[in-house]
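What the coordinates show
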Amino acid sequence: MLTSCAALEQKYSALLEERLGWRSLVSYVGNRNEPVLRWFRYKESFSAELVRRLIVEFNLNEKDFILDPFSGLGTTLYTAQGEGIPSAGVDLLPLSAFVADTLTKVRTLDLDEVSRNYRILIENVVKEKLNGEKFPDVPIISRAFTEDKIKELLLWRQAISKLPSEVQDFFMLLLLSVVESVSLTSKDGQFLRLIQRETPDIKTVFSKKYSQAYNDLLSIKTFQHGAILPDTHVFPRDARKLSELSFPKAPTAVITSPPYLNRYDYSRSYVLELCLNFIKDAEHLKEIRHSLLRSHIESKRNGDKPPHEAVAEILDLLSTKSMNNPKIPDMILGYFADMNEVIIQLSRVLMENAKVAVVVGNVRFEGIIIPVDMILSDMAERFGFHTEKIVITRYKGNSSQQMGKYGREKVRESVLIWSFQKKSNKK
Ligand SMILES: C[S@@+](CC[C@H](N)C(=O)[O-])C[C@H]1O[C@@H](n2cnc3c(N)ncnc32)[C@H](O)[C@@H]1O
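Keep in mind that what you see is a predicted model, and the values were worked out from it rather than measured. Sequence order as written defines residue numbering, which begins from 1 separately in each chain. A pLDDT threshold of at least 70 governs which residues receive local features in this predicted model, and a stricter bar of 80 or more applies before side-chain atom pairs are shown or counted, although totals over entire chains, interfaces and linings include all residues.

**Things to note about the site of the ligand**
As a structural note, the neighbourhood of the ligand is formed by 22 residues, with S45, G72, L73, T75 and L93 the closest of them. Polar here means any residue other than Ala, Val, Leu, Ile, Met, Phe, Trp, Tyr, Cys and Pro, which are nonpolar, and Asp, Glu, Lys and Arg, which are charged; Gly is therefore polar. Tallied by class, residues from the shell around the ligand come to 13 nonpolar, five polar and four charged. Being near a molecule or strand means, for a residue, that its C-beta atom, positioned from the backbone, comes within 6 Å of it.

**Notes on the pairing of strand β3 (residues 87-90)**
Residue burial here comes from a neighbour count, namely the number of other C-beta atoms, placed from the backbone, that lie within 10 Å of the residue's own C-beta, with 20 or more meaning buried, 12 or fewer meaning exposed, and in between meaning partly exposed. Secondary structure is summarised from DSSP: a helix means a run of H or I of at least four residues, a strand means a run of E of at least two, and numbering begins at the N terminus for each. Neither face of β3 is open: one carries S87 and G89, the other A88 and V90, and all of them are buried. Sheet topology places strand β2 (residues 66-68) next to β3; three bridges connect them, and they run parallel. Among the inter-strand pairings, L67 is bridged to a residue of β3, identified as A88. A right-handed crossover is one whose linking path, passing over the helix from the first strand to the second, runs clockwise when the strands point away from the viewer. With helix α3 (residues 75-82) bridging β2 and its parallel neighbour β3, the resulting β-α-β unit is right-handed. One bridge is not enough; two strands pair if DSSP finds at least two bridges between them.

**A word on the nonpolar core**
Side chains of a nonpolar character, in soluble globular proteins, are inclined to be buried together. Judged by nonpolar contacts, the single largest core of 122 residues is most densely connected at L174, L175, I332, I375 and L376. A total of 13 residues in this core trace back to one element, the largest contributor, which is helix α14 (residues 328-349). Those domain boundaries reflect an automatic or database domain assignment. Of the domains in this structure, domain 1 (4-108 + 226-420) and domain 2 (111-224) are the two that each give at least three residues to this core. We call two residues in contact when their backbone-placed C-beta atoms lie within 7 Å. If near-sequence neighbours (up to four positions away) are discounted, I375 is found in contact with L8, H308, A310, V311 and F336. The term nonpolar core refers to a set of buried Ala, Val, Leu, Ile, Met, Phe, Trp, Tyr and Cys residues connected through C-beta atoms within 7 Å.

**What about the domain arrangement of the protein chain?**
When its domains are assigned, the protein chain resolves into domain 1 (4-108 + 226-420) and domain 2 (111-224). Each of domain 1 and domain 2 was reduced to a C-alpha centroid, and the two centroids are 29 Å apart. On the side of domain 2, 31 residues touch domain 1, which itself brings 25 residues to the contact. Counting only elements with at least two residues in the side of domain 1 that touches domain 2, the list comes to α4 (94-103), α10 (266-269), α11 (271-277) and α12 (282-291). The dominant element in the side of domain 1 that touches domain 2, judged by the number of residues it contributes, is α11, at six residues.

**Here's the deal with the sheet that holds strand β1 (residues 16-18)**
If you trace the eight strands from one edge of the open sheet to the other, you get β1-β11-β12-β8-β7-β2-β3-β6, paired in mixed fashion. On the outer flanks of this sheet lie β1 and β6 (232-235), each paired with one strand and no other. For this sheet the average axis-to-axis angle between neighbouring strands, irrespective of direction, equals 20 degrees. Bridging between strand β8 (residues 355-361) and strand β12 (residues 411-420) involves seven bridges; their strand directions are antiparallel. Its bridge partner lying in β12, G361 is registered against E413. All axes here are fitted lines through C-alpha atoms, helices being fitted over the stretch that makes contact, and every angle between N-to-C directions spans 0 to 180 degrees.

**Section: the packing of helix α7 (residues 147-161) against helix α8 (residues 165-178)**
Between α7 and α8, the shortest axis-to-axis distance is 9 Å and the interhelical angle comes to 165 degrees. Here α7 is positioned roughly antiparallel relative to α8, judged by the angle of their axes. Judged by the sense of rotation from one axis to the other, the crossing of α7 with α8 is right-handed. Residues W156, R157, I160 and S161 of α7 form the contact with α8, whose own contacting residues are Q168, F171, M172 and L175. A per-class count over the contact of α7 with α8 returns five nonpolar, two polar and one charged. Note on terminology: angles under 35 degrees are roughly parallel, angles over 145 are roughly antiparallel, angles of 65 to 115 are roughly perpendicular, and the others are oblique. A crossing counts as left-handed when the near helix is turned anticlockwise from the far one by less than a right angle, and as right-handed when that turn is clockwise.

Structure representation (structure tokens):
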């Protein structure tokens, strides 16, 4: 008899479609030359071009309504807006919700006001004095910044907070975009790596960022001249509670990418940016960490049961291995339990016949490949979704070293294409 994972591979093999040319579209590399979206380096984003292609493939127009329950940088929302399509995004990380909200408002900025306030900011920042302002007491801060840099950042933040509200978020976004470059850290894989280097002063990197932003604004303003912008909403909320949100209408499409099951912790990678403007103290940071989808190693088991037989099978298999990190099984269980909840919530809020695209990566722990793409698809089918295809955009972990260790089995990164057929009464 086939095991659950093998049965899934058999069930979906006819729906696999390779589009390896999409490789760069599913990563932030595809946004490098994309005006506006290139300002803030959100390494986990996919590209505007991917969104544009999916909009065409799904045949969406201004009467549709696109939802991204994990909106991150806001790639889906910003791109949909450019195509005249209303959309809503949800992201529980306050930094991401802020960035997406700000980016989807830049098309309404008055460029004269922007340049006037830039000059005011540059003039005022040197006159600022700190009145006991501090960074939150989080241990990484004193290692990530020199004392002088902390002071400089606080002065910039203070000067920005005195600008008129219409341009404040835009300038705050630019400051957030240069935080990593003035720190002694680099976002490297799963962690912030500490590095030794001379850091530039904020004015140098901020002015450079501003020039890029201003030129991008000029180019999009010329392009969109006179266009009416569609409604765009960003909710700083939990994708596991979508049905508590009030959308202007039922979404007719989803273009999204949830966190991958790869131990990555957004609250650690973006801790410096969070500390600059979004969190009160270490306790608050921890609260955010534990509220995010359980894709990282500090995830806790909340009495969950495996939501799919394949998950139970994987957990059984892993229990026979000596794990590098004993918390991995809890993360796997928490991840699928959370994603099951997100799927249930989607089935409650979506319009019937909605089109869905979900970018996900499979993973391998202790040599065992977890077919996240197929498990999620099969889970979704239990709540009224139909799997149209699984578009493979790239294979990971097929370096000769990994091949030598684990054999030729490849780890897919895919776009799941589903359609939503009927409302679920379950749960
Ligand atoms: C892969 S990223 C999405 C990137 C996005 N497609 C883009 O282009 O920027 C996943 C996002 O899920 C967010 N997230 C994690 N847990 C969440 C939750 N429970 N509810 C909503 N968003 C969550 C993370 O903060 C992160 O921004």
